[in-house]
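Residue-level structural notes
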Amino acid sequence: MTLNNTRISVKKWKSSLVLFSALFCLISGFPLLAKTAGLEDAIKFLDQTQNVFIDIAAKAKPAVVNISPAQALSHAGRQDEAPAERRRPEVPQGSGSGVIIDKKGLIITNQHVVGDAKEVEVRLSDKRKFTGKVIGRDSDTDVAVVKIEASDLPTLAVGDSSKVKVGQWAIAVGNPFGLEGTVTLGVISATGRESVNLSRYEDFIQTDASINPGNSGGPLLNLKGEIIGINTAIINFAQGIGFAIPSNMVQEIVTQLVSTGKVTRGWLGIGIQEVSTDLAEKFHIKEGEGILVSEVFEGDPAARAGIQPGDIITKINGHDITSTSTLSRLIASLPPGKKTDMVILRDGKPKTISITLGERKDEQKVASAQKETGNLLGITVTEINPDLKEKYKLKIEKGVLISKLDSEGRYDTDALKEGDVIKKMRDDKIETINDFNEAVKKIKENESVLIYVNRENRSFFIVLKPKEK
């Protein structure tokens, strides 16, 4: 699908001369401009600059709508697992914003604005009201699409968020606290923000243009009046920190939602974790040099391609992998069946592997009278048996389970929990207590130990370090 490509004429704003004058005024100050160019010319420049924002507001406001779910939902779309200071704006009674991108009534908004509603009330700036049908929503990116039955509606064009630069102007339009058609001005503070803990896939544009409850779902615009983002979140108790979903990500999601009503994503079938300083030392790489494969799911694309736990993924299709969020987002942006080139480090040597992606399902596997023994690590382990499998809901058959942790042991075991299953220690597979004991015997005095554990059916690496004496 190709979204509406309407553009506001740049000529109307005196092109680059006007933009340069605005920037010059901010950096040098009005007195300096008045001194060098003359007071009359300086005022004229400022007036021309002001007209840019007036024209954008006049064009944008009719295309921004107020959205209220037809059925009130008390927790619509809230990310309850997010830290309290990083949350979607708490919108009273589901009220939020949206932006029209098609003359026949296609509207982009946030998933947390529409919640689980099938229909919503859409109110235009001219006070007309429509019943909008929610034709698709994606909680993983917080994007939703609403359709109203209308024609010849005012629209805004979707711009290219890959061209957004830190420091450029940004204009947010929405209905904060029910105050319709509110326009705020700021700059782009940052791009590529991830790990904000608001969505599964994050690549936020950060702006200091004021975003408040009710702005959610409204557009973030550039000086051409193009949508460069959809406003989605704020950090409570902070001033000038708001987030928008970049327009390129939005456009990919909207295209799928309009055509099929859902989003399909690529799937590798691996568990991953960040490379800490300790892990980097154990795997003989630089800290931040890729991400660590902690688990490979049997029968999935990565396993078929030969990916192994302990591999370090450094590139996917030429893109540097600097975090787990980056990898997850890149893979999710690719369609199932897509052939993907991955560069990994294995035993310190680079290797390129080609993988054909599978499809991510809603419910995928996720990367995470008994004999006992105690030892210098401060860990007591027992072999897995049917009772323990049921108690800890284990899906693995082999390994030793941690039944007790001794705080007086010689190693710092704070990263471990009772119920964790040790699958590997150093380079040794651990399937029995005997395997565990033999591996412990190999530990040298004051040596840090790399272990591979499974917790709640997620697998990951941990470095145990001797306590400081």
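Everything here concerns the structure above.
A brief structural summary. The residue numbering used here restarts from 1 in each chain and proceeds along that chain's sequence as written. Given that the model is predicted, a residue must reach a pLDDT of at least 70 before its local features are reported, and side-chain atom pairs must reach 80 or more before they are shown or counted; all residues, however, enter totals for whole chains, interfaces and linings. Just so you know, side-chain values use all the structure's heavy atoms and leave hydrogens and water out.

**Here we look at the overall build of the protein**
Secondary structure is summarised from DSSP: a helix means a run of H or I of at least four residues, a strand means a run of E of at least two, and numbering begins at the N terminus for each. Across its full length, the protein holds 10 helices and 29 strands. Carbon together with sulfur atoms contributes 49% to the accessible area of the protein, which is approximately 23100 Å² in total. What sets the accessible areas is the Shrake-Rupley method with a 1.4 Å probe; for residues, cover comes only from the shown protein chains.

**A closer look at the sheet that holds strand 6 (residues 129-138)**
By the convention used here, strands pair only if DSSP detects at least 2 bridges between them. Sheet architecture is closed into a barrel: six strands sit in the order 1-3-4-7-6-5, paired in antiparallel fashion. Neighbour to neighbour, the strand axes of the sheet diverge by 40 degrees on average, direction disregarded. As judged from the five bridges shared by strand 5 (residues 119-123) and strand 6, these two strands associate in the antiparallel manner. Counterpart to Glu119 in the pairing with strand 6 is Lys133. Whenever a helix is involved, its axis is fitted only over the stretch in contact; in every case the axis is a line through C-alpha atoms, and angles between N-to-C directions fall within 0 to 180 degrees.

**Re the pattern of salt bridges**
Any two side chains of opposite charge can pair, given that their charged atoms come close. Salt bridge, as applied in this entry: a Lys or Arg side-chain nitrogen positioned within 4 Å of an Asp or Glu carboxyl oxygen. Counted according to the given criterion, the structure contains 18 salt bridges. Two residues, Arg200 and Asp140, come together in a salt bridge whose shortest N-O distance is 3.1 Å. On the criterion of sequence distance, the pair formed by Arg200 in the loop between strand 9 (182-193) and strand 10 (204-207) and Asp140 in the loop between strand 6 and strand 7 (143-147) is long-range, its members being 60 residues apart. Categorising residues by exposure relies on relative accessible area from a 1.4 Å probe, with only protein chains included: less than 20% of the type maximum marks a residue as buried, more than 50% marks it as exposed, and the intermediate range marks it as partly exposed. Judged by relative accessible area, which is 11%, Asp140 ranks as buried. With a shortest N-O distance of 3.3 Å, Glu447 and Arg426 are connected by a salt bridge. With Glu447 in the loop between helix 10 (433-441) and strand 28 (449-455) and Arg426 in the loop between strand 26 (421-425) and strand 27 (428-429), this residue pair connects regions lying 21 residues apart in the sequence. Overall, Glu447 belongs to the buried group, its relative accessible area being 18%. Residues joined by salt bridges that share partners form a network here, namely Asp138, Asp140, Arg200, Arg265 and Arg360.

**A closer look at the packing of aromatic side chains**
Between the rings of Phe, Tyr and Trp (Trp by its six-membered ring), a pair exists once the centres lie within 6.5 Å; its type follows the angle of the planes, with under 30 degrees stacked, over 60 edge-to-face, and the other angles tilted. On inspection of all chains with the given rule, the structure shows five aromatic pairs. On the basis of an interplanar angle of 10 degrees and a centroid distance of 6.3 Å, the ring pair of Trp267 and Phe297 is categorised as stacked. Of the two residues, Trp267 is situated in strand 14 (residues 266-267) and Phe297 in the loop between strand 16 (291-296) and helix 7 (301-305); the sequence distance between them amounts to 30 residues. Of the residues examined, Phe297 reaches a relative accessible area of 5% and is grouped as buried. Taken together, the ring pairs in this structure connect Phe283, Tyr452 and Phe461 into an aromatic cluster.

**Some thoughts on the nonpolar core**
A general feature of soluble globular proteins is that nonpolar side chains tend to end up buried together. Think of a nonpolar core as a cluster: buried Ala, Val, Leu, Ile, Met, Phe, Trp, Tyr and Cys residues, connected wherever their side-chain atoms sit within 4.5 Å. Core analysis: the largest hydrophobic core is formed by 33 residues, its most contacted members being Ile101, Ile108, Leu156, Leu221, Ile227, Val250 and Val254. Of all the elements in the fold, those that place two or more residues in this core are helix 3 (39-60), strand 3 (96-102), strand 4 (106-109), strand 7, strand 8 (169-174), strand 12 (227-235), strand 13 (242-246) and helix 5 (247-260). At five residues, the largest contribution of residues to this core is made by helix 5. Two residues form a contact once any of their heavy atoms are found within 4.5 Å. Excluding anything up to four places from it in sequence, Val250 contacts Ile108, Val143, Ile230 and Ile245.

**Some thoughts on the side chain of Thr340**
Here Thr340 shows up in strand 19 (residues 339-346). One polar contact links the side chain of Thr340 to the main-chain carbonyl oxygen of Lys338, over a distance of 3.5 Å. Pairs of N or O atoms are called polar contacts if they sit within 3.5 Å, as long as, within protein, a hydrogen donor faces a hydrogen acceptor (for residues adjacent in sequence, only side-chain-to-side-chain pairs).

**Details of helix 10**
For helix 10, the complete set of buried residues consists of Ile433, Phe436, Ala439 and Val440. End-on view of helix 10: buried residues confined to an arc of 125 degrees, all on one side of the axis. Regarding the arc, it is the one traced by the directions from the helix axis to the C-beta atoms.

**Section: helix 5**
The first and last C-alpha atoms of helix 5 sit 20 Å apart over 14 residues, in line with the 20 Å expected at 1.5 Å per residue. Taken residue by residue, helix 5 has Ser247, Met249, Val250, Ile253, Val254 and Leu257 as its buried positions. In a view along the axis of helix 5, the buried residues occupy a sector of 145 degrees, so they form one face of it. Exposed side of helix 5, more than 90 degrees from the buried face: Ser259 and Thr260 are the residues found there. With its phi angle positive at about 80 degrees, Gly261 sits one or two positions after the end of helix 5. To estimate the expected span of a helix, subtract one from its residue number and multiply by 1.5 Å.

**Topic: the pairing of strand 20 (residues 349-356)**
Regular strands show a simple pattern: their side chains alternate between the two faces of the sheet. The pairing of strand 19 with strand 20 spans eight bridges and is classified as antiparallel. Note that in strand 20 the partner of Met342 across the bridge is Ile353. What sits between strand 19 and strand 20 in their antiparallel hairpin is a turn of two residues, with Asp347 showing a positive phi close to 55 degrees.

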